[in-house]
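Notes for the structure review
The lines below spell out each chain.
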Amino acid sequence: IAERYEAATDMLAELHREPLPETLPLTAQLTYEIPLFDIDAWLVEIGLMPEWYLPDRGAEVSYERREEFVVMWRMLLQKPAAAPRTWVMRDFHSPNIIWLGDRTGILRVGIIDFQDAVLGPAAYDLVSLLQDARIDVPEQLELTLLNRYIKARRAADSQFDPASFAELYAIMSAQRNTRLLGTFARLNRRDGKPQYLRHQPRIWTYLNRSLAHPALSAFREWYAANVPPPLP
């Protein structure tokens, strides 16, 4: 439902334009330091692809190719690691968004499952929303909403760089969808939850959208050579 994705996009734009604290009070004596979503964490996540997805598809790669994979990613992830940080809820997608239709504006967007929030680039949660792992988001709607977000950020901050944000969006998309292919393969193989495999073709479509960005040309070639598509 486009209206709901629009409201959720507006909510993220509103959240991301404000400076947010990195330490939160728990009690009068205790505080909580929000952890960083950094390169090491991202590399652990994308490691799920060679560990679980590739063997699941009968395409295990050599040690040298795995090392090449990690080195490529470590270099690319320096860009989002250097980006301004905000709160990242990590699973900001349809199952965790409660529509409150009796309200107006962004107050219609209720959020659950944010207890694992981290500090990271704003693009990550927008990817989670606009490339919904469980619902097909048509590419044209994704682009329309991405432009909607960028316009809202630009209206609030003349220094906001649309091209740089679009690049970060593509990088975080590739990282997230690489992780999800591995996560869903693991849920099937290790946890006996084959129902997650039906989402893999959608994830594959999103991944290839992001790999079309010029900043990811080397990754597009690596994935084409080493990563088979999921079963339909």
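All values derive from a computational prediction rather than experimental measurement. (Residues numbered from 1 in each chain as written. Predicted model: local features only at pLDDT ≥ 70, side-chain atom pairs only at ≥ 80, totals over all residues. Heavy atoms only, no water.)

Looking at the overall build of the chain
Per the secondary structure count, the chain includes 10 helices and 6 strands. Computed over its C-alpha atoms, the radius of gyration of the chain comes to 18 Å, within 12% of the 17 Å expected for a compact globule of 232 residues. Along the three orthogonal principal directions, the C-alpha set of the chain runs to about 50 × 40 × 35 Å. Within the chain, buried positions represent 45% of all 232 residues. Across the chain, contacts joining residues at least 24 apart in sequence account for 77% of those joining residues at least 6 apart. Approximately 11,800 Å² of the chain is accessible, and the part contributed by carbon and sulfur atoms is 54%. In the chain, 26 side chains carry a positive charge and 30 a negative one; their mean positions are 4 Å apart. (Helix = DSSP H or I, 4+ residues; strand = E, 2+ residues; numbered from the N terminus. Rg over C-alpha atoms; globule rule 2.2 N^0.38 Å. Buried < 20%, exposed > 50% of the residue type's maximum accessible area, 1.4 Å probe, protein only. Contact = heavy atoms within 4.5 Å. Areas by Shrake-Rupley, 256 points an atom, 1.4 Å probe, with all protein chains shown as cover. Lys, Arg positive; Asp, Glu negative; His and termini not counted. Charge placed at Lys NZ, Arg CZ, Asp CG, Glu CD.)

Considerations on the packing of aromatic side chains
Under the criterion given, the structure shown has 9 aromatic pairs. Look at Trp-222 and Tyr-223: their rings are 5.9 Å apart centre to centre, the planes differ by 65°, and that puts the pair in the edge-to-face class. The exposure class assigned to Tyr-223 is buried, which follows from its relative accessible area of 3%. Joined through ring pairs, the aromatic side chains of Phe-37, Trp-42 and Tyr-124 make up one cluster. (Phe/Tyr/Trp six-rings, centres within 6.5 Å; stacked < 30°, edge-to-face > 60°.)

Observations concerning the side chain of Ser-128
As for its placement among the helices and strands, Ser-128 is situated in helix H6 (residues 123-130). A polar side-chain atom of Ser-128 sits 3.4 Å from the main-chain carbonyl oxygen of Arg-90. Once residues within four sequence positions are removed from consideration, Ser-128 is found in contact with Arg-90, Phe-92, His-93 and Arg-176. (Polar contact = N/O pair within 3.5 Å; in protein donor to acceptor, adjacent residues only side chain to side chain.)

Comments concerning the pattern of salt bridges
Counting across every chain of the model gives 14 salt bridges. Residues Glu-3 and Arg-108 are paired through a salt bridge, measuring 2.9 Å at the closest nitrogen-oxygen approach. Taken as a pair, Glu-3 in helix H1 (residues 2-16) and Arg-108 in the loop between strand E4 (97-99) and strand E5 (109-111) lie far apart in primary sequence, 105 residues in all. Taking relative accessible area as the criterion, Glu-3 reaches 42% and is therefore assigned partly exposed. The partner of Arg-90 in a salt bridge is Glu-45, with the nearest N and O atoms 2.7 Å apart. With Arg-90 in the loop between strand E3 (85-88) and E4 and Glu-45 in helix H2 (residues 39-46), this residue pair connects regions lying 45 residues apart in the sequence. Residues joined in a network through salt bridges with shared partners are Glu-14, Arg-17 and Glu-18. (Salt bridge = Lys/Arg side-chain N within 4 Å of Asp/Glu carboxyl O.)

Brief notes about the environment of Asp-56
By the element assignment, Asp-56 lies in helix H3 (residues 48-56). Each C-alpha atom of the pair Asp-56 and Met-172 lies 24 Å from the other, and the pair is 116 residues apart in sequence. Excluding its chain neighbours within four sequence positions, the residues that come into contact with Asp-56 are Ala-185, Asn-188 and Arg-189. A polar contact is formed between the side chain of Asp-56 and the side chain of Arg-189, at a distance of 2.3 Å.

Regarding the nonpolar core
In this structure, Trp-73, Phe-92, Tyr-149, Phe-165 and Tyr-223 are the most contacted members of the largest nonpolar core, which totals 67 residues. Take this core: its biggest share by element is 12 residues, from helix H8 (residues 162-189). (Core = buried A, V, L, I, M, F, W, Y, C linked by side-chain atoms within 4.5 Å.)

So, a nonpolar patch on the surface
Taken together, Leu-26, Leu-30 and Tyr-32 make up a surface patch of nonpolar side chains, about 310 Å² in accessible area. Structurally, Leu-26 is set in the loop between strand E1 (23-25) and strand E2 (31-33). (Patch = residues over 30% accessible without salt bridge, like charges linked within 9 Å, V, L, I, M, F, W, Y side chains within 5 Å.)

Concerning H6
H6 sits mainly inside the fold: 8 of its 8 residues count as buried. Turning to H6, its buried residues are Ala-123, Tyr-124, Asp-125, Leu-126, Val-127, Ser-128, Leu-129 and Leu-130.

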